[in-house]
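Given next are the chains, with one letter for each unit.
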Amino acid sequence: MRIDGCSALVTGAASGLGLATATALAEAGAAVVLLDLPGAAGERAAASIGGRTRFVPGDVTRAEDVQAAVSEAVDLGPLRIVVNCAGIAPGQRTVDRTGSPLPLDDFDRVIRINLVGTFNVIRLAAAAMQASEPTTATVPERGVIVNTASVAAYDGQIGQAAYAASKGGVAAMTLPLAREFARSLIRVVAIAPGIFDTPMLQGLPESVRESLAAQVPHPARLGDPAEFAALVRHIVENPMLNGDTIRLDGAIRMPPR
């Protein structure tokens, strides 16, 4: 599907993978709506991208916030692309070293943002996509939804039970969603990134960053968010990519800790 001339919605777009993706889509000719938590970071991100880019502050778990972002995207043109990058990655043991169990609210918060929030965006965006006319290309399409899973969905580490469960859910719902939306000419694909150089890692000591990079077989470095964005762009443009979760990880397999 052509990116030029359509609108896109990217969540978690104020930084990291989301910002790189929003930038790449705008450079390819899309009008882009950035959905992220209220704050100056989102405004700066939209200003840095320029063009037909708008920032809509909001929380992916709130239906009214997501609907506002979807409506904004529809106003800019046919909503064809949705990329879910919003998420959190806390590390907490289920039972800590003092014998105290993880508060259930902490587990629920990760699931709520990473999994429920992703689904919330999908359901509202897909409804808007289904109401649009399909493209007139050789392979007619109404849209593409790209979700962010994680290698933790397959080899989560100690302390990642909540995170791995949330990202495993994102991966698991990819195929049933793709099957459901096939009649509407909407594709659904997930990306499972490995260790990427995002703000989450940029605050770590350099020695820790080097240790993480050394775990990647090839290339032995942290992933560049632009590489994630490049895969998103290819997924959108390649109509045969559908219903699968693609690992983007340099062949890393995470150790227990």
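Predicted, not measured: the structure shown is a model, and the values here were computed from it.

**Considering helix α1 (residues 16-27)**
Each turn of an α-helix holds 3.6 residues, which means side chains three or four residues apart point in the same direction.
And then number 1: With 12 residues, α1 extends 17 Å from end C-alpha to end C-alpha; this agrees with the ideal 16 Å at 1.5 Å per step.
And then number 2: Turning to α1, its buried residues are Gly 16, Leu 17, Gly 18, Ala 20, Thr 21, Ala 22, Ala 24 and Leu 25.
And then number 3: Backbone geometry just after α1 places Gly 29 at a positive phi near 110 degrees.

**Digging into the layout of surface pockets**
And then number 1: Approximately 1,100 Å³ is the volume found for the largest pocket.
And then number 2: Taken together, 42 residues form the lining of the largest pocket, with Gly 87, Ile 88, Ala 89, Tyr 163 and Met 200 sitting closest to its centre.
And then number 3: Listed by contribution, the elements that provide at least two residues to the lining of the largest pocket are α1, β2 (31-36), α4 (104-130), α6 (161-172) and α8 (199-202).
And then number 4: Here the lining of the largest pocket is composed, by residue class, of 23 nonpolar, 14 polar and five charged.
And then number 5: Estimates place the volume of the second largest pocket at around 150 Å³.
And then number 6: A class-by-class count of the residues in the lining of the second largest pocket yields six nonpolar, three polar and three charged.

**Some details on the side chain of Asp 155**
And then number 1: Its place among the elements puts Asp 155 in helix α5 (residues 152-155).
And then number 2: Look at Asp 155 and you get buried, because its relative accessible area is 14%.
And then number 3: There is a polar contact of 3.3 Å between the side chain of Asp 155 and the side chain of Arg 247.
And then number 4: At 3.0 Å, the side chain of Asp 155 and the backbone nitrogen of Met 254 are in polar contact.
And then number 5: If we ignore the near neighbours within four places in the chain, the residues touching Asp 155 are Arg 247, Arg 253 and Met 254.

**Quick notes on the state of the cysteines**
And then number 1: As enumerated under the stated definition, the model contains zero disulfides in all.
And then number 2: Of all cysteine sulfurs, the one in Cys 85 lies closest to Cys 6, which takes part in no disulfide; the gap is 16 Å.

**Describing the sheet that holds strand β5 (residues 143-148)**
And then number 1: Overall, parallel pairing links the seven strands, which are arranged β3-β2-β1-β4-β5-β6-β7 in an open sheet. The open sheet terminates on both sides in strands that have one partner only, identified here as β3 (53-57) and β7 (245-248). Ignoring which end each strand starts from, the neighbouring axes of this sheet average 20 degrees apart.
And then number 2: Summarising the sheet, β2 and β3 pair through five bridges and their orientation is parallel. Considered in β3, the bridge of Asp 36 is made with Pro 57.
And then number 3: Taken strand by strand, helix α3 (residues 63-76) contacts β1 (7-11), β2, β3 and β4 (79-84), and its axis lies near 170 degrees from that of β2.
And then number 4: Of the strands in this sheet, β1, β4, β5 and β6 (186-193) touch α4, which is tilted by about 175 degrees from β4.

**Here's the deal with the packing of α4 against α6**
And then number 1: Across the interface, α4 lies against α6 with an axial gap of 9 Å and an inter-helix angle of 20 degrees. Here α4 lies roughly parallel to α6, going by the angle between them. Crossing of α4 over α6 shows right-handed handedness. Two secondary-structure elements touch here, α4 through Phe 107, Val 110, Ile 111, Asn 114, Leu 115 and Thr 118 and α6 through Ala 161, Ala 162, Tyr 163, Ala 165, Ser 166, Lys 167, Gly 169 and Val 170.
And then number 2: Here the residues of the contact of α4 with α6 sort into nine nonpolar, four polar and one charged.

Calculation notes
Residues numbered from 1 in each chain as written. Predicted model: local features only at pLDDT ≥ 70, side-chain atom pairs only at ≥ 80, totals over all residues. Heavy atoms only, no water. Helix = DSSP H or I, 4+ residues; strand = E, 2+ residues; numbered from the N terminus. Expected span 1.5 Å × (residues − 1). Buried < 20%, exposed > 50% of the residue type's maximum accessible area, 1.4 Å probe, protein only. 1 Å grid on protein atoms, 1.4 Å probe; cavity = no way out; pocket = protein on both sides within 12 Å on 5 of 7 lines; lining within 4 Å. Points joined across faces, edges and corners; volume = space filled by probe spheres on them. Nonpolar A, V, L, I, M, F, W, Y, C, P; charged D, E, K, R; others polar. Polar contact = N/O pair within 3.5 Å; in protein donor to acceptor, adjacent residues only side chain to side chain. Contact = heavy atoms within 4.5 Å. Disulfide = S-S within 2.5 Å. Pairing = 2+ DSSP bridges. Axes fitted to C-alpha atoms, helices over the stretch in contact; angles between N-to-C directions. Parallel < 35°, antiparallel > 145°, perpendicular 65-115°, else oblique. Left-handed = near helix turned anticlockwise from the far one by under 90°.

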